[in-house]
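Below are the chains, spelled out letter by letter.
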Amino acid sequence: GMNTLLDEVVTRRFASERSPKQCHCPSKGKGTSAAYDYLIVGAGFAGSVLAERLASGRNKRVLLCDRRPHIAGNTYDFYNKAGILVHQYGPHIFHTNSQRVFEYLSRFTVWRPYEHRVLADVNARLLPIPINRTTINNLYGLNLSDEAEAAIFLASRAEPCRTIVTSKDVVLAQVGSDLYRTFFEGYTRKQWGLDPSELDRSVTARVPTRTSVDDRYFLDTYQAMPRDGYTAMFEKMLDHDNITVMTGTEYADIRSENVAAHTIFSGPIDEYFEYCFGRLPYRSLNFQHETHDMERMLPVGVVNYPSEAVPYTRITEYKHLTGQIHPKTSISFEFACADGDPYYPIPRPENQALYKQYESLARDLTDVTFVGRLGTYKYYNMDQVVGQALATYRQLTRTGLRDAIS
Ligand code: FAD
Ligand code: UDP
């Protein structure tokens, strides 16, 4: 089992290091040096930011591959048959507090200001989520008129617990069981296939509770969408003589070819090690895309469906996000599932423990670097992945912070 596979991974690595080509030519002679300085696996934010930095900042030759037929990873967007810009893998809204990340990406796109708003369908009534004073007033027929009154109401409902460990604890401690059941329990069970009590607190803590009437989904300093879409932004990022992009290309199919001395891997870390410790769980999604012959279907970009009686978790209407004007409209439904493309790492202690085993294997490899949401098994937003990639670039090239993005 585990040891055999692990031995295999290690043996193969050593075998390739000792390959005749390299042994006979200590000075990296003609025809033996790799064609590229870096092989980067995955053309999402993690892989593409690193490709851009290494090519532009350090004049490195980069081969960037992705098994999908396109760049941009999970943020890939395109004009569908009706001519509407949609996100193939669900709604992506850019938001960050990092000036550094925002300024870096601004090299590759103009932005369209967009503040995201979400409504939750509670028995066919649409209420703002994150829970705020308007949500409470509308749900309970109250007239709480300021933050202090809302705080008193929430305190009267809250069910404090000694230590907040799970995603259930977080919500109960803030709003109590009625609001927990109404907005979080069913949605979370559908999204993760787990009860909130089985997930780290960090998951539902992404969605705060407010006593104000601010109904924006995010409060970050920078909230905007790439004006021409994510894919167009990636095209600009990767448009460099030193970067060769190979889409439709599996890492496994070029792994043994020694195309570069160093590999940067943004795919699933357990896949890299051939699941030698067992599979890391990822949550997947099925998207049902539809186009309708009407200008607008939803009052906001996303409507969430917390009820378990509805099979999907949310509906997105893309024109809200993109600002596109078009007589028709495109929407997508999200159905969560266990099998399929890995979209979400699942934050809970046993998964973290398994990840740590892979991470310790990764730490022993000097010629491979793991990045991104799948490569480091972290529930990261886009801006966090960009920040992580820039930090990784600094480590790989040992430059100072200012140097890294100049
Ligand atoms: P990915 O974009 O997943 O890129 C990894 C790439 O590697 C993939 O294209 C994959 O095909 C490729 N790959 C993997 N293994 C191999 C292999 N063996 N060989 C070749 N190629 C391989 N973030 C936000 O900030 N705001 C949002 O609103 C938001 N909404 C989201 C909605 C959904 C439904 C999902 C799933 C995520 C959302 N995110 C959002 C998170 C965002 O998608 C990620 O933070 C970001 O895209 C991760 O970038 P990445 O490069 O790490 O991974
Ligand atoms: N969540 C919920 N109800 C909601 C919105 C979110 O229960 O109406 C929980 C759910 O567990 C979800 C998590 O909070 O997975 C994080 O929500 P977010 O909108 O950040 O998810 P993402 O956009 O990353 O899918």
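Residues numbered from 1 in each chain as written. Chains lettered and ligands numbered in written order. Predicted model: local features only at pLDDT ≥ 70, side-chain atom pairs only at ≥ 80, totals over all residues.

1. Thoughts on the UniProt feature "domain: UDP-galactopyranose mutase C-terminal" (unreviewed entry) in the protein
- Here, UniProt's "domain: UDP-galactopyranose mutase C-terminal" (unreviewed entry) annotation points to residues 183-379.
- Helix and strand shares over residues 183-379 are 28% and 24% respectively, and the end C-alpha atoms of the span are 21 Å apart. (UniProt positions renumbered as here; feature names shortened; annotations may be inferred. Helix = DSSP H or I, 4+ residues; strand = E, 2+ residues; numbered from the N terminus.)

2. A look at the sheet that holds strand E16 (residues 344-345)
- Overall, mixed pairing links the seven strands, which are arranged E8-E7-E13-E14-E15-E12-E16 in an open sheet. With one partner strand each, in any of the chains shown, strand E8 (125-129) and E16 form the two edges of the open sheet.
- Here strand E12 (residues 282-292) runs beside E16; their pairing, made up of two bridges, is antiparallel. Considered in E16, the bridge of Arg283 is made with Tyr344.
- With respect to the sheet, helix H5 (residues 133-140) is in contact with strand E7 (118-122) and E8, its orientation differing from that of E8 by roughly 155°. (Pairing = 2+ DSSP bridges. Contact = placed C-beta atoms within 7 Å. Axes fitted to C-alpha atoms, helices over the stretch in contact; angles between N-to-C directions.)

3. Re the domain arrangement of the protein
- Each domain of the protein was delimited in the assignment, giving domain 1 (2-77 + 229-277 + 345-404) and domain 2 (118-204).
- Facing the four residues of domain 1 at the interface are six residues of domain 2.
- Of the residues assigned to the side of domain 1 that touches domain 2, the class counts are three nonpolar, no polar and one charged. (Domains from an automatic or database assignment. Nonpolar A, V, L, I, M, F, W, Y, C, P; charged D, E, K, R; others polar.)

4. A short note on the site of ligand 2
- Residues in contact with ligand 2 amount to 13 residues; listed here are only the nearest, Phe184, Tyr187, Thr188, Arg206 and Asn304.
- Of all the elements in the fold, those that place two or more residues in the shell around ligand 2 are helix H7 (167-192) and helix H8 (201-204).
- No other element matches H7, which puts five residues into the shell around ligand 2.
- When grouped by side-chain class, the residues that make up the shell around ligand 2 number eight nonpolar, four polar and one charged. (Near = placed C-beta within 6 Å.)

5. What to know about the pairing of strand E1 (residues 36-41)
- With five of six residues buried, E1 lies mostly within the body of the structure.
- Alignment of E1 against strand E11 (residues 260-265), held across five bridges, turns out to be parallel. When the bridges of E11 are listed, Tyr38 appears paired with His262.
- Both E1 and strand E2 (residues 62-66) contribute to a ladder of four bridges, which runs parallel. Looking across to E2, one finds that Leu39 is bridged to Leu63.
- In this fold, the crossover linking E1 to E2 by way of helix H3 (residues 45-58) has right-handed handedness. (Buried ≥ 20, exposed ≤ 12 C-beta atoms within 10 Å, placed from the backbone. Right-handed = clockwise from strand over helix to strand, strands pointing away.)

6. Remarks on the sheet that holds strand E9 (residues 222-226)
- One open sheet holds the three strands; their spatial order is E5-E9-E6, and the pairing between them is antiparallel. In the strand order of this sheet, the two ends are held by strand E5 (95-96) and strand E6 (111-113), each with one partner.
- Inspection of the sheet shows E6 paired to E9 by three bridges, in the antiparallel sense. Bridged to Arg112 within E9 is Met225.

7. Some words on the site of ligand 1
- Taken together, 34 residues are adjacent to ligand 1, and Gly42, Gly44, Gly73, Gly267 and Gly372 come closest.
- Put simply, the parts of the chain that give the shell around ligand 1 at least two residues each are H3, E2, helix H14 (372-375) and helix H15 (382-397).

8. What to know about the environment of Val86
- Its location among the elements puts Val86 in strand E4 (residues 85-87).
- Val86 gets classed as buried once you count the C-beta atoms within 10 Å, which come to 26.
- Val86 sits 200 residues away from Asn286 along the chain, and the two C-alpha atoms are 15 Å apart.
- Discounting chain neighbours no more than four positions away, the residues touching Val86 are Asp77, Phe78, Asn80, His289, Tyr318, Ser330 and Ser332.

9. Considering the nonpolar core
- Counting residues in hydrophobic clusters, the biggest one holds 62 residues, and the most contacted among them are Ile40, Leu50, Ala51, Val62, Leu64, Val386 and Ala389.
- Two domains each donate at least three residues to this core, and these are domain 1 (2-77 + 229-277 + 345-404) and domain 2 (118-204).
- Those residues in contact with Ala389 that sit more than four places away from it in its chain are Phe45, Ala46, Val49, Leu50 and Val371.
- The next biggest cluster of nonpolar side chains, apart from the first, holds 19 residues, and it includes Ile131, Leu154, Phe183 and Val302. (Core = buried A, V, L, I, M, F, W, Y, C linked by C-beta atoms within 7 Å.)

10. Focus on the pairing of E7
- Relative to E8, E7 is paired through five bridges, and the arrangement is antiparallel. Paired with Val122 across the bridge in E8 is Arg125.
- Counted between consecutive antiparallel strands, the loop separating E7 from E8 contains two residues, among which Asn123 sits at a positive phi close to 50°.
- Examined bridge by bridge, E7 and strand E13 (residues 302-304) share three bridges and lie parallel to one another. Of the residues in E13, the one forming a bridge with Ala120 is Asn304.

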